[in-house]
Amino acid sequence: MIIGEVLAETDLPKGAFSILPCSRDGADLFTTDERLKLLSFTGSPAVGWALKEKAGKKKVVLELGGNAACIVDKDADIDVVVLLDRVYVWLPKGIDEHLWEAAATSFTELLDGDVDNAEAVEARKIRKMENASERFFAVADTLEKNCQEILTADETKLKNTVRRADMAAGMRGDAQRGLASVKTLRALADQLASGQIKYLDGVNAATQLTTITKLLRNGIQNRIRHELDAMREGDRSGYQSHLRHEAMLEEPLCTEDIAHAEYPYPYIYRGHLEEAFVKLGNTPGVKMVTKRMQKLLKTADPEKESVAFRNSSAVEVLADFLSRAKAAGYKCYWFDCCLEDYNRLQAANIHNVFELRTAMRELLPHVAHPAGDDPIVKAEQELIGKKLPGFFPTPMPVILEMLELADIQGTDLVLEPSSGKGDILDAIRQAHPD
């Protein structure tokens, strides 16, 4: 009833809204009565679709897990509006003036494509830049800032257990790979500014460049498997074959790897699809596209555990099915991620394996390699969880308290007879660099 009290304080004319508490049976009357022209419902997909079936010819607005309709007013922040999973705009007669021309144009531009997250919004802002090299520099600056924040936070992060140390190492690795991408992006930006880049000018997000680089590294794995098979060195699971495999992985990227790179067409395991068909086959809003998916599945090789979608029409059916399955509340990890790499390349105007390999040839000379952890940091991490007789590292809070109590002056001499890892001395040097 609180919303009624709030609305009562506005300038809306009397009778513009009504709040009527009623039983569930009473609510069904509002669902079927043709005098009501619009039905809005917030709740579970099952109930929502059932109400839509009963609603007859009236318009129905369903909020099933966040896909709510909204009215965009003239003072709205358009960038915030498009952060919704989906944006539907309802302009009742008489309030069209609330979307004046400039805002409407901005809104339309921001909706050009998927509006699923902040990453997409940032990419759209960058795409508006007239100069392609400026886009690359902007993406690099944003990525560098994020990576540096991760590395700065790592310096104060607790790493006193193997698990914590491994998690921290993983985040550092991601940040270092990100900084390598920064170098690559800036190198490409310089090439773009001089007019030497042709096939990567559709890239407008760091995730797209990361995807292309990942697929190039997958080409290494494909080349290695091919070469080991050709060498006929026996069982590839043997120790000698394992050593050869590891040695090949350390080799720098080369044009031969590009020839083994594959386009990331979406694929899903047959069992996951069949399980989804059983659960969604009679779900309103999903039945028809489920039948279309079943027809596609019949044309796939029955001997293979996974089903690949290699033409645009099949991918469209798959995308429609996955979207509706998600709206119906069906959850499957593979459903959420199987289109990611494909969509990123499509957005970068790379539509097939030939365009991908051409883009890789242009990228290869500019690929920077991650710096990796400092050898001392790696050695320290390997000691975590191991018992060393007579050694216990001094926690940083204790070191800082020691320095405060010691009140070291610039002319003092400091002797640390048993320095251990040297944490205390490092802290002293940081506090007194001179």
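Scroll up for the structure.
Here's a quick rundown of the structure.

Scoring rules and cut-offs
- Residues numbered from 1 in each chain as written.
- Predicted model: local features only at pLDDT ≥ 70, side-chain atom pairs only at ≥ 80, totals over all residues.
- Heavy atoms only, no water.
- Buried < 20%, exposed > 50% of the residue type's maximum accessible area, 1.4 Å probe, protein only.
- Helix = DSSP H or I, 4+ residues; strand = E, 2+ residues; numbered from the N terminus.
- Pairing = 2+ DSSP bridges.
- Right-handed = clockwise from strand over helix to strand, strands pointing away.
- Contact = heavy atoms within 4.5 Å.
- Phe/Tyr/Trp six-rings, centres within 6.5 Å; stacked < 30°, edge-to-face > 60°.
- Salt bridge = Lys/Arg side-chain N within 4 Å of Asp/Glu carboxyl O.
- Patch = residues over 30% accessible without salt bridge, like charges linked within 9 Å, V, L, I, M, F, W, Y side chains within 5 Å.
- Areas by Shrake-Rupley, 256 points an atom, 1.4 Å probe, with all protein chains shown as cover.

**Some details on the pairing of strand S2 (residues 59-63)**
Here's step 1: Taking every second residue as pointing to the same face, the buried face of S2 carries Val60 and Leu62, while none of Lys59, Val61 and Glu63 on the other face is buried.
Here's step 2: Pairing of strand S1 (residues 38-42) with S2 involves 5 bridges; the strand directions are parallel. Bridging across to S2, Leu39 finds its partner in Val60.
Here's step 3: For the segment spanning S1, helix H3 (residues 45-54) and S2, crossover handedness is right-handed.

**Some words on the environment of Ala427**
Here's step 1: Along the polypeptide, Ala427 turns up in helix H20 (residues 423-431).
Here's step 2: Of the residues examined, Ala427 reaches a relative accessible area of 10% and is grouped as buried.
Here's step 3: When sequence neighbours within four positions are dropped, the list of residues in contact with Ala427 reads Ile399 and Leu403.

**Section: the packing of aromatic side chains**
The description of two aromatic rings rests on the distance between their centres and on the angle between their planes.
Here's step 1: Under the criterion given, the structure shown has 7 aromatic pairs.
Here's step 2: Ring plane angle 90 degrees and centroid distance 6.1 Å describe the contact between Tyr263 and Tyr342, whose orientation is recorded as edge-to-face. Placement of Tyr263 in the loop between helix H11 (255-258) and strand S5 (267-269) and of Tyr342 in helix H16 (residues 340-347) is noted, with a sequence separation of 79 residues between them.
Here's step 3: Since its relative accessible area comes to 6%, Tyr263 is described here as buried.
Here's step 4: Residue classification places Tyr342 among the buried residues on the basis of a relative accessible area of 9%.
Here's step 5: Ring plane angle 70 degrees and centroid distance 5.8 Å describe the contact between Phe277 and Phe321, whose orientation is recorded as edge-to-face.

**Side note on the side chain of Gln176**
Here's step 1: Mapped onto the elements of the fold, Gln176 is located in helix H8 (residues 162-193).
Here's step 2: Sequence-distant contacts of Gln176, that is, excluding residues within four places in its chain, are made with Pro370, Gly372 and Asp373.

**Section: the environment of Gly43**
Here's step 1: Relative to the elements of secondary structure, Gly43 occurs in the loop between S1 and H3.
Here's step 2: Residue Gly43 is classed as partly exposed on the basis of its relative accessible area, which comes to 29%.
Here's step 3: Gly43 sits 20 residues away from Glu63 along the chain, and the two C-alpha atoms are 6.6 Å apart.

**A few points about the pattern of salt bridges**
Here's step 1: One pass over the structure, following the stated rule, counts 11 salt bridges.
Here's step 2: Via salt bridges that share partners, Asp141, Glu144 and Arg186 belong to a single interconnected network.

**Looking at a nonpolar patch on the surface**
Here's step 1: Taken together, the side chains of Leu20, Phe30 and Leu36 make up a nonpolar region of the molecular surface, amounting to roughly 280 Å² of accessible area.
Here's step 2: The residue Phe30 is located in helix H2 (residues 24-32) in this model.

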